[in-house]
Amino acid sequence: MASASPRRRDLLAQAGIQFEVKVADFDEGRLRHLPPLSQARRAADGKAAEVAGRCPGRWVLGCDTVVVLDGEALGKPADGVEASRMLKRLSGRRHAVISAVTLLGPGGAEGHAHGRSVVAVANLSHAEIAAYVASGEPLDKAGGYAIQGDGGEFAALVNGSLDTVIGLPLNAVRRLGRRLGCPPLRAGG
């Protein structure tokens with residue numbers, strides 16, 4: 001898996017999928033001008049391709065997640081100030097979360113998929129936002145919150161799957177694995 005995300009690692013492990021982590025050295029920042037779905041797909045492609053180049057003959061899964069509000073992709077906040085701004089924008093509103101995946105394998109095997117979910121965020125006071133940002137949790141999460149963590153106190157899944165919001169649409173990954181014949185992904189569904 002071409003991702004440093006501990007949440008993605010947890011999802012794969014909970015699904016019983018054997019994997020190894022190889023962190024991608026891919027600059028997602030150069031994709032910020034793209035529409036949200038294109039941004040997530042291209043980042044997943046870039047991460048997978050970069051790691052596949054270092055690990056020829058291996059199966060590589062690349063992933064990327066964006067939070068979408070008013071047609072704009074919200075990535076990971078650079079700092080607490082940006083996290084606060086994101087949470088203020090999300091407060092009291094619904095938004096989409098898109099997680100894209102790319103699976104590359106031996107012999108040129110290649111597949112792409114994504115999941116899309118909708119999340120509602122409760123109305124948050126300035127004090128609630130400040131306390132949450134001070135916890136440090138929002139700083140490495142797309143949109144500035146973790147629904148599986150303390151962010152679950154104010155963010156709720158409305159439609160779609162929770163694993164997409166966390167960052168890895170497992171059903172899409174399994175479908176790609178079956179279609180492409182990836183041994184670790186064929187079992188279990």
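Residues numbered from 1 in each chain as written. Predicted model: local features only at pLDDT ≥ 70, side-chain atom pairs only at ≥ 80, totals over all residues. Heavy atoms only, no water.

**Considerations on the packing of aromatic side chains**
The cut-off we apply is this: Centres within 6.5 Å are what make two rings of Phe, Tyr or Trp a pair, Trp counting through its six-membered ring; a difference in plane orientation under 30 degrees is then read as stacked, over 60 as edge-to-face, and the rest as tilted. By the criteria applied, helices consist of DSSP H or I runs no shorter than four residues and strands consist of E runs no shorter than two, each listed in order from the N terminus. Exposure categories follow from relative accessible area, calculated using a 1.4 Å probe and restricted to protein chains: below 20% of the type maximum is buried, above 50% is exposed, and the middle band is partly exposed.
By the definition in use, this model includes one aromatic pair. Plain terms: the ring middles of Y132 and F154 are 5.0 Å apart, the flat faces sit at 85° to each other, and that makes the pair edge-to-face. Placement of the pair is Y132 in helix α4 (residues 126-134) and F154 in the loop between α4 and β5 (155-159), with a sequence separation of 22 residues. Taken as a pair, Y132 and F154 share a single burial class, namely buried.

**Here's the deal with the nonpolar core**
In plain terms, the rule: By nonpolar core we mean a set of buried residues, namely Ala, Val, Leu, Ile, Met, Phe, Trp, Tyr and Cys, connected to one another through side-chain atoms within 4.5 Å. Any two residues having at least one pair of non-hydrogen atoms within 4.5 Å are treated as being in contact.
Core analysis: the largest hydrophobic core is formed by 38 residues, its most contacted members being L61, V101, Y145, F154 and L168. Going through the elements one at a time, α1 (6-14), β1 (60-69), α3 (80-90), β3 (94-104), β4 (110-121), α4, α5 (162-166) and α6 (170-180) are the ones with two or more residues in this core. In this view, F154 contacts L87, A120, V121, A122, L124, Y132 and Y145; residues no more than four positions away in its chain are not counted. One finds A40, V66, V68 and A96 within the second-largest nonpolar core, a separate group that totals eight residues.

**Notes on the pairing of β3**
What counts is decided by this rule: Should DSSP find at least two bridges between two strands, the strands are regarded as paired.
In terms of residue burial, β3 counts as a mostly covered element, since 10 of its 11 residues are buried. Both β1 and β3 contribute to a ladder of nine bridges, which runs antiparallel. Note that in β3 the partner of D64 across the bridge is A100. Pairing of β3 with β4, which is carried by 11 bridges, proceeds in the antiparallel orientation. Looking at the pairing, A100 lines up with H114 of β4.

**Notes on the side chain of S99**
The condition that has to hold: Within 3.5 Å is the distance limit for a polar contact, defined as a pair of N or O atoms, with the added protein rule that one can donate a hydrogen and the other accept it, and that residues adjacent in sequence qualify only through two side-chain atoms.
By the secondary structure assignment, S99 is in strand β3. Residue S99 is classed as buried on the basis of its relative accessible area, which comes to 0%. Of note is the side chain of S99, whose polar atom sits 2.7 Å from the side chain of T65.

**Comments concerning the layout of surface pockets**
Rule in force here: In this analysis, the protein atoms alone were mapped onto a 1 Å grid. Cavities are point sets where a 1.4 Å probe fits without being able to get out; pockets are open sets with protein on both sides within 12 Å along at least five of seven lines; lining residues have an atom within 4 Å of a point. Grid points are joined across faces, edges and corners, and a volume is the space filled by probe spheres set on the points. Think of it as three bins: nonpolar holds Ala, Val, Leu, Ile, Met, Phe, Trp, Tyr, Cys and Pro, charged holds Asp, Glu, Lys and Arg, and polar takes everything else, Gly as well.
Roughly 430 Å³ of internal volume is contained in the largest pocket. Surrounding the largest pocket, 28 residues form its lining, S5, R7, R8, K76 and D140 being those nearest its centre. Put simply, the parts of the chain that give the lining of the largest pocket at least two residues each are α1, β1 and α5. Sorting elements by how many residues they give to the lining of the largest pocket places β1 first, with three residues. A breakdown of the residues in the lining of the largest pocket according to their chemical character gives 13 nonpolar, six polar and nine charged.

**Things to note about the sheet that holds strand β2 (residues 72-74)**
Applicable threshold: Geometry is summarised by axes, namely lines fitted to C-alpha atoms with helices restricted to the contacting stretch, and by angles between N-to-C directions that run from 0 to 180 degrees.
Spatially, β2-β1-β3-β4-β5 is the arrangement adopted by the five strands of the open sheet, whose pairing is antiparallel. Looking at the sheet topology across the chains shown, the edges are occupied by β2 and β5. Ignoring strand direction, the axes of neighbouring strands in this sheet form an average angle of 40°. Packing of α6 onto the sheet brings it into contact with β1, β3 and β4, and relative to β4 it is tilted by some 170°.

**A word on the environment of D140**
Considering the arrangement of structural elements, one finds D140 in the loop between α4 and β5. Considered as a pair, D140 and A78 are 62 residues apart in the sequence and their alpha carbons are 8.3 Å apart. In contact with D140, not counting residues within four places along its chain, are R7 and K76. In terms of polar contacts, D140 uses its side chain to reach the side chain of K141, at 2.5 Å.

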